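# Structure assessment
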Amino acid sequence: MTRAAAVAAGAAVLDGEKRLAAQEYKFPNADIKLGIASYSFRNFSREQAIQMTKELGTPYLNIKDFHLKLDSTTEQIAAAKKEFADAGIVLVGCGNVTFAKDDEADIRSKFEYAKAAGFPLIVCAPTPEILPKMEKYVKEYDIKIAIHNHGPEDKHFPTPQSVLAAVKNMDPRCGLCMDIGHTARTGADNVESVAEAGPRLLDMHTKDLADPTNKDWKAARDSQVAVGEGKLPIGRLFEELTKIGYKGSVNLEYEINGDNPVPGMKISFAYMRGVLTGLEAARNA
């Protein structure tokens, strides 16, 4: 499917159905949800982030602490949770949350935060020393953790493979949040990485880069474009996600045009919807 055809198909899905469920795609053994990493709305308030999420036609949102502070009181969390629920927002997780303090109380406080807000998953950046301690809280709270790979600058978990090596003997609720932009910059193959991760792939941050080979993140970030306009293998990625039976969210993390992200995000969603619509049609042909 060409980029133009994908965008047209994706636009038709949303315009035709006029419902939030247009962001969920079911395949045999797979259930892919197109959502948003709220970091995309970092320059906006929670109320504005909710409105922009609704404008983009998806209920699925992963919350960065810009929109619900980690040190929020129980009352503040309850109020925010109600705001999201009243708007029809489905909270698929929180993060990225840093776990750099070797302190059980600090670890527990972040799981308590996730529990109070109803987050089923924490996208996180732990140190290798702290990660084993987190497993205890995963079991206690029944909240998944997905380690975010951050590319060449990340001295702990630059690639999906480095995350997979760290969690391979841990509880199955300990896994990977794969950032496809950072993955490409390390030279790792995104499609192969999805296949390697299998059930350990618990979350995904998606974007597109015009220059995915540049190891410098600032330069690579500046080359970010709407999904479908760059060089990342979006179509093959979605096809591989259906093959492994992925049932998580694919969250758009739009890191450019911070003061006006919605136009580029609309293009990105239209492209991704179009690709998934094409895959659905091919499966049903």
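Residues numbered from 1 in each chain as written. Predicted model: local features only at pLDDT ≥ 70, side-chain atom pairs only at ≥ 80, totals over all residues. Heavy atoms only, no water.

### What to know about the confidence of the model for the chain
Reading predicted coordinates in detail is not appropriate for stretches of low pLDDT. Let me state the cut-off plainly: Every residue carries a pLDDT, the predictor's confidence in it, which falls somewhere between 0 and 100. In what follows, a contact means two residues having at least one pair of non-hydrogen atoms within 4.5 Å.
Overall, the predicted model of the chain reaches an average pLDDT of 92, with 92% of residues at or above 70. Considering only residues more than four positions removed or in separate chains, one finds that residues 12-20, a stretch of pLDDT under 50, has 16 contacts.

### Notes on unusual backbone geometry
Heads up, the condition is: Elements are defined by DSSP. Helices are runs of H or I of four residues or more, strands are runs of E of two residues or more, and each kind is numbered from the N terminus. For each residue, the accessible area found with a 1.4 Å probe, counting protein chains only, is set against the maximum for its type, and the residue is called buried under 20%, exposed over 50%, and partly exposed in between.
Note that the residue after Gly95, namely Asn96, is joined by a cis bond; omega there is 10 degrees. Relative to the elements of secondary structure, Asn96 occurs in strand S4 (residues 90-99). Within the chain, Asn29 stands out as a residue other than glycine whose phi angle is a positive 70 degrees. Owing to a relative accessible area of 63%, Asn29 belongs among the exposed residues under this scheme. Residue Asn257 is not a glycine yet carries a positive backbone phi of 50 degrees.

### Concerning the packing of helix H10 (residues 234-243) against helix H11 (residues 262-284)
Defined as follows: Geometry is summarised by axes, namely lines fitted to C-alpha atoms with helices restricted to the contacting stretch, and by angles between N-to-C directions that run from 0 to 180 degrees. Any angle that is under 35 degrees is reported as roughly parallel, and any over 145 degrees as roughly antiparallel; angles of 65 to 115 degrees are reported as roughly perpendicular and all others as oblique. Throughout, a crossing is termed right-handed when the near helix is turned clockwise from the far one, and left-handed when it is turned anticlockwise from it by less than a right angle. Residue polarity is assigned by list, with Asp, Glu, Lys and Arg as charged and Ala, Val, Leu, Ile, Met, Phe, Trp, Tyr, Cys and Pro as nonpolar; anything else, Gly included, falls into the polar class.
Viewed as axis vectors pointing N to C, H10 and H11 meet at an angle of 50 degrees, and their least axial separation amounts to 10 Å. Relative to H11, the element H10 is oriented oblique. The two elements H10 and H11 meet at a crossing, and its hand is right-handed. The segment H10 lies against H11, with Ile234, Gly235, Phe238, Glu239 and Thr242 engaging Tyr271, Met272, Val275, Leu276, Leu279 and Arg283. Among the residues making up the contact of H10 with H11, the classes are represented as 7 nonpolar, 2 polar and 2 charged.

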